[in-house]
Protein chains: 2
Amino acid sequence: MEKLKHHIFVCNSARMNGEVKGVCNSKESIEIIQNFAEEISDRELDAEVMVTSTGCLGLCTQGPVVIVYPEGVWYGKVTPDDVEEIVESHIEGGEIVSRLEI
Amino acid sequence: MEKLKHHIFVCNSARMNGEVKGVCNSKESIEIIQNFAEEISDRELDAEVMVTSTGCLGLCTQGPVVIVYPEGVWYGKVTPDDVEEIVESHIEGGEIVSRLEI
């Protein structure tokens, strides 16, 4: 498989049985995922950037949590409004959004 | 945050609304996740290796899918029995399990 340039993971707080609960989920994680998907599509990055929801990442007090690989950068307390900046600065510009980094 | 040496993502087929269905889920993804968690714990790798479930990764015909970052290696048609080899060979030994790579 062609390697992705960036793979964005957004905590959705899903438990192993599929139950969706917890801090990240209550804090608009689905809207965050949708905003990432839209930004990726609008900027025609679909071939090199993917967004995926995850189960609980164990840092609930910092939620919603977003991780970007392969860099291994963790962002905390992300809001839907932060998504555009993460994509523009980090994904396109290569500059980590330090105010959100944990 | 201290960077993980490896972050293992296992597709659990969870949809955005938390509904768990699809190929990966029907193929024992929960057992795969549990086996990874056990191997990590048994080998005392908890500080540097994490396993996380994900929503659908879009490669359902290749499921269950496992991705290891930061390497960005995708494994397909993984069974619970493959987990020990992935941990021993790839995570501990640094050698990708090529028969499972997609």
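Above: the structure in question.
Bear in mind the structure is a predicted one, so any value in this text is a computation, not a measurement. (Residues numbered from 1 in each chain as written. Chains lettered and ligands numbered in written order. Predicted model: local features only at pLDDT ≥ 70, side-chain atom pairs only at ≥ 80, totals over all residues. Heavy atoms only, no water.)

### Some thoughts on the interface of chain A and chain B
Note: interface size is frequently given as the accessible area lost on complex formation between the parts.
Next, step 1: In this assembly, 28 residues from chain A lie in contact with 28 residues from chain B.
Next, step 2: In this assembly, chain A packs against chain B so that about 2300 Å² is buried in total across both faces, 69% of it on carbon and sulfur atoms.
Next, step 3: At the boundary of chain A and chain B, one finds 0 salt bridges.
Next, step 4: In this assembly, chain A and chain B are joined by 6 residue pairs in polar contact (both at pLDDT 80 or more).
Next, step 5: For the side of chain A that touches chain B, the secondary-structure elements that each account for two or more residues are strand S1 (6-14), helix H2 (29-42), strand S2 (49-55), strand S3 (66-69) and strand S4 (73-75) of chain A.
Next, step 6: It is S2(A) that contributes the most residues to the side of chain A that touches chain B, 5 residues altogether.
Next, step 7: Residues belonging to the side of chain A that touches chain B are distributed by class as follows: 16 nonpolar, 10 polar and 2 charged. (Contact = heavy atoms within 4.5 Å. Buried area = accessible area lost by both parts, 1.4 Å probe. Salt bridge = Lys/Arg side-chain N within 4 Å of Asp/Glu carboxyl O. Polar contact = N/O pair within 3.5 Å; in protein donor to acceptor, adjacent residues only side chain to side chain. Helix = DSSP H or I, 4+ residues; strand = E, 2+ residues; numbered from the N terminus. Nonpolar A, V, L, I, M, F, W, Y, C, P; charged D, E, K, R; others polar.)

### Considerations on the relation of the copies chain A and chain B
Next, step 1: Once chain A is rotated about the relating axis by 180 degrees and shifted along it by 0.0 Å, it coincides with chain B to within an RMSD of 0.0 Å. What the rotation and shift describe, once combined, is the action of a two-fold rotation axis.
Next, step 2: Looking at the interface residues of chain A, 100% of them are also at the interface in chain B, so both copies use one shared face. (Least-squares fit on C-alpha atoms with pLDDT ≥ 70 in both.)

### Side note on the packing of aromatic side chains
Next, step 1: Taken as a whole, this structure holds 6 aromatic pairs over all chains when the rule is applied.
Next, step 2: Between Phe9(A) and Tyr69(A), the aromatic rings sit 6.3 Å apart at their centres with planes inclined by 75 degrees, giving edge-to-face as the arrangement. Separated by 60 residues along the polypeptide, Phe9(A) in strand S1 and Tyr69(A) in strand S3 bring together distant segments of the chain. With respect to burial, Phe9(A) and Tyr69(A) carry one shared label: buried.
Next, step 3: Grouped by ring-pair contacts, the aromatic residues Phe9(A), Tyr69(A), Phe9(B) and Tyr69(B) constitute a single cluster. (Phe/Tyr/Trp six-rings, centres within 6.5 Å; stacked < 30°, edge-to-face > 60°. Buried < 20%, exposed > 50% of the residue type's maximum accessible area, 1.4 Å probe, protein only.)

### Some points on helix H3 (residues 83-92) of chain B
Residues and elements named next belong to chain B.
Next, step 1: Within H3 the residues assigned to the buried category are Val83, Ile86, Val87, His90 and Ile91. Seen along its axis, H3 keeps its buried residues to an arc of 110 degrees; they face one direction.
Next, step 2: After H3 finishes, the residue Gly94 shows a positive phi value of roughly 75 degrees. (Arc of directions from axis to C-beta.)

Read these as layout, nothing more, since geometry by itself doesn't imply function.
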